[in-house]
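One-letter residues, chain by chain:
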Number of protein chains: 2
Amino acid sequence: MRTQTRPPSTGRSLEHPDRDLIRLEDVLHALSDPMRLQIVCALAGSEGEQSCSVFALPVSKSTTTHHFRVLRESGVITQIYRGTAKMNALRRDDLEELFPGLLDSVLTGAHRQAARLGEEGR
Amino acid sequence: MRTQTRPPSTGRSLEHPDRDLIRLEDVLHALSDPMRLQIVCALAGSEGEQSCSVFALPVSKSTTTHHFRVLRESGVITQIYRGTAKMNALRRDDLEELFPGLLDSVLTGAHRQAARLGEEGR
DNA sequence: CGGTTCGTACGATACCCATCGTAGTACGCC
DNA sequence: GGCGTACTACGATGGGTATCGTACGAACCG
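Residues numbered from 1 in each chain as written. Chains lettered and ligands numbered in written order. Predicted model: local features only at pLDDT ≥ 70, side-chain atom pairs only at ≥ 80, totals over all residues. Heavy atoms only, no water.

### Some thoughts on unusual backbone geometry
When glycine is set aside, most residues are seen to have a negative phi, and most peptide bonds are trans. Its identity is not glycine, yet A56 of chain A carries a phi of approximately 50°, on the positive side. Along the polypeptide, A56 of chain A turns up in the loop between strand 1 (50-51) and helix 3 (61-73). (Helix = DSSP H or I, 4+ residues; strand = E, 2+ residues; numbered from the N terminus.)

### Comments concerning the sheet that holds strand 2 (residues 77-82) of chain B
Residue and element names in this part refer to chain B. The strand order across the open sheet formed by three strands is 1-3-2, and the pairing between neighbours is antiparallel. Across the chains shown, the open sheet's two edge strands, defined by having one partner strand only, are strand 1 (50-51) and strand 2. For strand 1 and strand 3 (residues 85-90), the ladder comprises two bridges, and the chain directions are antiparallel. Paired with Q50 across the strands is N88, a residue of strand 3. Packing against the sheet, helix 3 (residues 61-74) makes contact with strand 2 and strand 3, and its axis sits at approximately 120° to strand 2. (Pairing = 2+ DSSP bridges. Contact = heavy atoms within 4.5 Å. Axes fitted to C-alpha atoms, helices over the stretch in contact; angles between N-to-C directions.)

### A word on the interface of chain B and chain A
Each partner contributes residues to the interface: chain B has 28 residues there, and chain A has 28 residues. Both sides together, the interface formed by chain B and chain A hides about 2200 Å², and carbon and sulfur atoms give 57% of it. Counting the surface chain B buries against chain A, the share from its top three residues, E25, L28 and R116 of chain B, is 23%. If you look at where chain B meets chain A, you find zero salt bridges. (Buried area = accessible area lost by both parts, 1.4 Å probe. Salt bridge = Lys/Arg side-chain N within 4 Å of Asp/Glu carboxyl O.)

### Thoughts on the protein's contact with DNA strand D
Taken together, 25 residues lie around DNA strand D, and S60, S62 and H67 of chain A together with T65 and K86 of chain B are the ones closest in. Across the atoms of DNA strand D situated within 4 Å of the protein, the share located in sugar and phosphate is 72%. Measuring from a phosphate oxygen of DNA strand D, one finds a side-chain N or O atom of T63 of chain A at 2.8 Å. Between H67 of chain A and DNA strand D, the recorded distance is 2.2 Å, taken from a side-chain N or O atom to a phosphate oxygen. (Near = heavy atom within 4 Å. Polar contact = N/O pair within 3.5 Å; in protein donor to acceptor, adjacent residues only side chain to side chain.)

### A look at the pattern of salt bridges
All names here are of chain A. If you walk through the whole model with that rule in mind, you get eight salt bridges over all chains. D20 is the partner of R19 in a salt bridge, and the nearest nitrogen-oxygen pair spans 3.8 Å. Under the relative-accessibility criterion, D20 is labelled partly exposed at 45%. Between R91 and D94 there is a salt bridge, and its shortest N-O distance comes to 3.0 Å. Overall, the relative accessible area of 22% leaves D94 in the partly exposed class. (Buried < 20%, exposed > 50% of the residue type's maximum accessible area, 1.4 Å probe, protein only.)

### Notes on the packing of aromatic side chains
Residue and element names in this part refer to chain A. The tally for this structure, following the rule as stated, stands at two aromatic pairs over all chains. Between F55 and F68, the ring centres sit 5.6 Å apart and the planes meet at 45°, which makes this aromatic pair tilted. Placement of the pair is F55 in the loop between strand 1 and helix 3 and F68 in helix 3, with a sequence separation of 13 residues. Classification of F68 as buried rests on a relative accessible area of 0%. (Phe/Tyr/Trp six-rings, centres within 6.5 Å; stacked < 30°, edge-to-face > 60°.)

### Some remarks on the pairing of strand 2 (residues 77-82) of chain A
Residues and elements named next belong to chain A. Relative to strand 3 (residues 85-90), strand 2 is paired through six bridges, and the arrangement is antiparallel. Bridged to I80 within strand 3 is M87. Two successive antiparallel strands, strand 2 and strand 3, enclose a turn made up of two residues, where G83 displays a positive phi of approximately 65°.

### Details of the relation of the copies chain B and chain A
Rotating chain B by 180° about the axis while translating it 0.0 Å along that axis superimposes it on chain A, leaving an RMSD of 0.0 Å. Both copies of the chain, as the preceding transformation shows, are related through a two-fold rotation axis. Of all interface residues in chain B, 100% are interface residues in chain A too; the two copies therefore contact each other through one and the same surface. (Least-squares fit on C-alpha atoms with pLDDT ≥ 70 in both.)

### A look at the protein's contact with DNA strand C
If you check the shell around DNA strand C, you find 26 residues, and the closest are T65 and K86 of chain A together with S60, H66 and H67 of chain B. Within 4 Å of the protein, the contacting atoms of DNA strand C are drawn from sugar and phosphate to the extent of 70%. Between DNA strand C and C52 of chain A there is a distance of 3.3 Å, counted from a phosphate oxygen to a backbone nitrogen or oxygen. Within the contact set of DNA strand C, a phosphate oxygen lies 2.6 Å away from a side-chain nitrogen or oxygen of T65 of chain A. For the surface near DNA strand C, the class distribution of residues is five nonpolar, 15 polar and six charged. (Nonpolar A, V, L, I, M, F, W, Y, C, P; charged D, E, K, R; others polar.)

Structural data, given as structure tokens:
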């Protein structure tokens, strides 16, 4: 893996809940928004970190920031600044430890639903 | 199974979404409320139907009605009138068909979280 | 340094929703 | 018929939240 070109994280830091403080209700709520579910599916489909801007969501930048914050504060993703970009990654291990199988079943369900609705249900 | 003493359903009917119209976002939203998650856990713990009143939720009757309606309209439970009571049951088969493993992982996650938080996290 | 890119902060807005109380309906039973 | 139980309908209320635009900050590049 080519990690040598990845810029180091910068001074700015972001609050993340400790694993033991992640609550199932908050995770479910975070995933219950179509926009955020789409983000999570995209993150799961690509290994490693993705910047906020690669998703091209059909909402304003402010709204995008809002959704990523909800995902981070609920414990679904980690975020870190690298240069001007903010990189996002799923907290797969933490979620699997706390709620075994949950993330996978949500991702599978989302995938099946997209197929069932003919991709129009976005 | 003793079904002979169960009163038949009465004339009043209730709207339920067809299986194919159940949406993952709606299910996740329904489950993201602590009160409703508690209801679902209780329903899962007891086989068959349960009336609305056996749960003794710490909210008013109107609010209880509201939560059961959200669960029904999102496709998580079925409801049917039997005499004066309204009986509730999980739509296990439909959910399993649409979103395999989802309900089980949520239930398991809720159970583990309750244990982790020492039952105080209700 | 100046410009560009990426993301944030803040206020506004409109909508959603969890909660309640009160009044009412449906059903079973006496 | 009259009563009690179980649940509903409706309106109100307060808090949450998805959305936007605008103005700002932080880092990189030339």
